[in-house]
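# What the coordinates show
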2 protein chains.
Amino acid sequence: MPPPIILYIAMSLDGYIAGPDGSVTWLGPYEGGDEDYGYGCLLARIGGLLMGRCTYEQVLGLGPWPYGSLPTFVLGSRPLRAPDKADVSFVAGGPADLVRAARERTGRPLWLVGGARLAQSMLAAGLVDELELALVPVLLGGGIRLFDGPLPPGTLTPAGVRTYRSGLVLLRYRIERGPQPTGA
Amino acid sequence: MPPPIILYIAMSLDGYIAGPDGSVTWLGPYEGGDEDYGYGCLLARIGGLLMGRCTYEQVLGLGPWPYGSLPTFVLGSRPLRAPDKADVSFVAGGPADLVRAARERTGRPLWLVGGARLAQSMLAAGLVDELELALVPVLLGGGIRLFDGPLPPGTLTPAGVRTYRSGLVLLRYRIERGPQPTGA
């Protein structure tokens, strides 16, 4: 078994991970407080990050590079600017190429940061092994969904639930490939 | 404050409450076992049921009327057949008319059973006071969504989380009218 790819992401109760314009300002009240919602444990476990090109640009725009020297693999061509002290690789091709490059370099679990398009295509391709959903007690009523299309057969194995005082609930699952219940 | 309207419903982790054809066979593994997933507590609390016409027909098709003599209010015109021993009223108009009729008769909390169209229109009209989501550890990959459009401003107040051995998680929230965070 190769080391797992972990999709750790915040989602509103109605299934959105960003506003209609890709903004995540709605997550503001959940950032920088006493709780880290499992983020520290995640960082201690992984050997690298996977992200889409738009998410990379978005992270750059938010301020100093927040991931230290963790190897970061971005799907897409090299941009004009890259943060000085970060270890960022740009991988051409598709999600499978991204995963291959990151696994060859790190040999360790990988955090799939996002965004929606990369997360959706990796879910659709059966490339996500673990889900860590930080379910935020908010109804956005619109925006960019995490789950938005057919998925390959598979089963979710619950791997833990943690509730926080803010009302956020961290839901953890392993995704096993194979037959799954269908709505048909 | 009038007695609350409670939307208690099972939803897959990817946000679906039924398969593409409205079927709920995917819930089979969670029915009839040792756990009732909060259903008994709900029944003890409510004074009546609200449902859409299609859900009513679907319930009839599943076998004996399962709700005993609980007053049931169906949005739509009277059908050709109705169960003998059930207390079923058919209400013309819209969701607000349904709620008015049920509150006048019962004066008690009401369970909004579904289906999706009625739940969505009542959420959109700000007529749901409490959410009890039985989040099922399944990714359906398609079907009929619970949340599928704009919602009025409001805030979710977490009201409890319960986890079950099956991996199902019961999430409870109160919906308070008023400004809410937006993704914009």
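All figures in this text were calculated on a predicted structure; none of them were measured in a lab.

Residue and element names in this part refer to chain B. Pairing is mixed in the open sheet, where 8 strands are placed in the order 5-4-3-6-1-7-10-9. Each edge of the open sheet carries a strand with a single partner, namely strand 5 (88-91) and strand 9 (154-163). Strand-to-strand, the axes of this sheet are offset by a mean angle of 25°, without reference to chain direction. Of the strands in this sheet, strand 3 (48-52), strand 4 (72-75) and strand 6 (110-114) touch helix 2 (residues 53-61), which is tilted by about 105° from strand 3. Along the sheet, helix 4 (residues 116-124) makes contact with strand 1 (5-12), strand 3, strand 4 and strand 6, crossing strand 6 at roughly 130°.

Taken together, the 34 residues of chain B in the interface contact 34 residues of chain A. When residues of the side of chain B that touches chain A are traced back to their parent elements, those giving at least two are strand 2 (16-18), strand 9 and strand 10 (169-177) of chain B. Sorting elements by how many residues they give to the side of chain B that touches chain A places strand 9 of chain B first, with 5 residues. Class assignment of the residues belonging to the side of chain B that touches chain A gives a composition of 20 nonpolar, 12 polar and 2 charged.

Take the confidence of the model for chain A next. A residue-level look at chain A finds 96% of positions with pLDDT of 70 or above and a mean pLDDT of 92. Among the scores for the predicted complex, ipTM is 0.91 and pTM is 0.92.

Judged by nonpolar contacts, the single largest core of 106 residues is most densely connected at A:Leu50, A:Leu112, B:Leu50 and B:Leu112. The residues contacting A:Leu50, other than those within four sequence positions of it, are A:Phe73, A:Leu98, A:Ala102, A:Leu110, A:Trp111, A:Leu112 and A:Val113.

Moving on: the sheet that holds strand 1 (residues 5-12) of chain A. Residue and element names in this part refer to chain A. Pairing within the open sheet is mixed, and its 8 strands lie in the order 5-4-3-6-1-7-10-9. Bordering the open sheet on either side are strand 5 (88-91) and strand 9 (154-163), each of which pairs with just one other strand. Here the strands of the sheet are splayed against their neighbours by 25° on average, with no regard to which way each runs. Along the sheet face, helix 2 (residues 53-61) touches strand 3 (48-52), strand 4 (72-75) and strand 6 (110-114) and points at about 105° away from the line of strand 3.

Attention now moves to the pairing of strand 7 (residues 130-136) of chain B. Every other side chain in a regular strand lies on the same face of the sheet, so the side chains alternate between the two faces. All names here are of chain B. Burial within strand 7 is extensive, with 5 of its 7 residues counted as buried. Relative to strand 7, strand 1 is paired through 7 bridges, and the arrangement is parallel. Considered in strand 7, the bridge of Ile-9 is made with Leu-133. By the bridge criterion, 6 bridges tie strand 7 to strand 10 in an arrangement that is antiparallel.

Turning our eyes to something else, we now look at the relation of the copies chain B and chain A. In screw terms, the move from chain B to chain A is a rotation of 180° and a rise of 0.0 Å along the axis, fitting with an RMSD of 0.0 Å. What the rotation and shift describe, once combined, is the action of a two-fold rotation axis. In terms of C-alpha distance to the rotation axis, chain B has B:Gly15 as its closest residue, with the C-alpha 3.3 Å off the axis. Counting the interface residues of chain B, we find that 100% of their copies in chain A are interface residues as well, pointing to one common contact surface.

Below, the discussion takes up helix 2 of chain B. All names here are of chain B. Burial in helix 2 covers these residues: Thr-55, Tyr-56 and Val-59. Across the axial projection of helix 2, the buried residues extend over an arc of 105°, all falling on one side. One or two positions beyond helix 2, positive phi appears at Gly-63, with a value near 135°.

On to the pairing of strand 6 of chain A, then. Residue and element names in this part refer to chain A. For strand 6, the tally of buried residues reaches 5 of 5 residues, placing the bulk of the element in the interior. Here 3 bridges tie strand 1 to strand 6, and the two strands are oriented parallel to one another. The residue of strand 6 that forms the bridge with Ile-6 is Trp-111. Pairing of strand 3 with strand 6, which is carried by 4 bridges, proceeds in the parallel orientation. Following the sheet pairing, Leu-50 is matched in strand 6 by Leu-112.

Cut-offs used in this document
- Residues numbered from 1 in each chain as written.
- Chains lettered and ligands numbered in written order.
- Predicted model: local features only at pLDDT ≥ 70, side-chain atom pairs only at ≥ 80, totals over all residues.
- Pairing = 2+ DSSP bridges.
- Helix = DSSP H or I, 4+ residues; strand = E, 2+ residues; numbered from the N terminus.
- Axes fitted to C-alpha atoms, helices over the stretch in contact; angles between N-to-C directions.
- Contact = placed C-beta atoms within 7 Å.
- Nonpolar A, V, L, I, M, F, W, Y, C, P; charged D, E, K, R; others polar.
- pLDDT = per-residue confidence, 0-100.
- Core = buried A, V, L, I, M, F, W, Y, C linked by C-beta atoms within 7 Å.
- Buried ≥ 20, exposed ≤ 12 C-beta atoms within 10 Å, placed from the backbone.
- Least-squares fit on C-alpha atoms with pLDDT ≥ 70 in both.
- Arc of directions from axis to C-beta.

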